[in-house]
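Here's the letter readout for the chains.
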Amino acid sequence: MADTQLDVKSSAPVVVSHVDEAEVPSAAWGWSGESLKAMRIAGWFFTVFLLLMMIGNHSGKVEDLWLIGTAGLMAIILIRDMVVRRHPR
């Protein structure tokens, strides 16, 4: 099991942040957050990808309804996220 005690004898510089390295080990090397812009781009990419999946060799409409419904739900979530981030509480 990893030791979570701080080394008092260490000469490494102390970096003050709001992330505890004992809880988030990746904070020690500088990455502990989410890339919100990349997640939004990926969300819109997959929303369009789901709609493009309707073009194909299937003959039933049930698949199309599921693809449209899932893409619509993703679009609603992405738009809501944009509105909430623009107007915080």
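Residues numbered from 1 in each chain as written. Predicted model: local features only at pLDDT ≥ 70, side-chain atom pairs only at ≥ 80, totals over all residues. Heavy atoms only, no water.

Peer 1: I keep staring at the overall build of the chain and nothing clicks. Help me out?
Peer 2: If you tally the helices and strands in the chain, you get two helices and zero strands. Counting only residues that meet the buried cut, the chain has 12% of its 89 residues in that class. For the chain, the accessible surface area stands at approximately 8,300 Å², while carbon and sulfur atoms represent 66% of it. (Helix = DSSP H or I, 4+ residues; strand = E, 2+ residues; numbered from the N terminus. Buried < 20%, exposed > 50% of the residue type's maximum accessible area, 1.4 Å probe, protein only. Areas by Shrake-Rupley, 256 points an atom, 1.4 Å probe, with all protein chains shown as cover.)

Peer 1: Would you explain helix H2 (residues 62-86) in this entry?
Peer 2: For an α-helix, the turn length of 3.6 residues means that residues three or four places apart are oriented alike. Over its 25 residues, H2 extends 36 Å from the first C-alpha to the last, a length consistent with the 36 Å expected when each residue adds 1.5 Å. When we look at burial in H2, the residues that qualify are Asp64, Leu67, Ala71, Ala75 and Leu78. Tucked into the core, H2 has its buried residues touching helix H1 (36-52). (Expected span 1.5 Å × (residues − 1). Contact = heavy atoms within 4.5 Å.)

Peer 1: I'm lost on the pattern of salt bridges in this one. Help?
Peer 2: Side chains that carry opposite charge are capable of pairing whenever their charged atoms lie near each other. By the definition in use, this model includes three salt bridges. The residue Asp64 makes a salt bridge to Lys61 at a minimum N-O spacing of 3.8 Å. Note on Asp64: relative accessible area 12%, which makes it buried. For Lys61, a relative accessible area of 59% gives the class exposed. (Salt bridge = Lys/Arg side-chain N within 4 Å of Asp/Glu carboxyl O.)

Peer 1: Help me understand the environment of Ile68, please; the structure alone is not making it clear to me.
Peer 2: Looking at where Ile68 falls in the secondary structure, it is placed in helix H2. The class of Ile68 is partly exposed, set by a relative accessible area of 44%. Considering only alpha carbons, one finds Ile68 and Thr47, 21 residues apart in sequence, at a separation of 9.1 Å. Beyond its immediate sequence surroundings of up to four residues, Ile68 is in contact with Leu51 and Met54.

Peer 1: When you look at the packing of H1 against H2 in this model, what are you seeing that I'm missing?
Peer 2: Geometry of a packed helix pair, given as the angle between the helix axes and the separation of the axes. Here H1 crosses H2 at 155 degrees, and the two axes come no closer than 9 Å. When the interaxial angle is binned, H1 and H2 end up roughly antiparallel. Where H1 crosses over H2, the handedness of that crossing is left-handed. On H2, the residues touching Leu36, Arg40, Gly43, Trp44, Phe46, Thr47, Leu50 and Leu51 of H1 are Leu67, Ile68, Thr70, Ala71, Met74, Ala75, Leu78, Ile79, Asp81, Met82 and Arg85. Residues that form the contact of H1 with H2 fall into these classes: 13 nonpolar, three polar and three charged. (Axes fitted to C-alpha atoms, helices over the stretch in contact; angles between N-to-C directions. Parallel < 35°, antiparallel > 145°, perpendicular 65-115°, else oblique. Left-handed = near helix turned anticlockwise from the far one by under 90°. Nonpolar A, V, L, I, M, F, W, Y, C, P; charged D, E, K, R; others polar.)

Peer 1: Looking at this structure, I do not really get a nonpolar patch on the surface. What am I missing?
Peer 2: The grouping of Trp44, Ile79, Met82 and Val83 at the surface amounts to a nonpolar patch, some 330 Å² of accessible area in total. Element by element, the count of residues in the nonpolar patch is highest for H2, at three residues. (Patch = residues over 30% accessible without salt bridge, like charges linked within 9 Å, V, L, I, M, F, W, Y side chains within 5 Å.)

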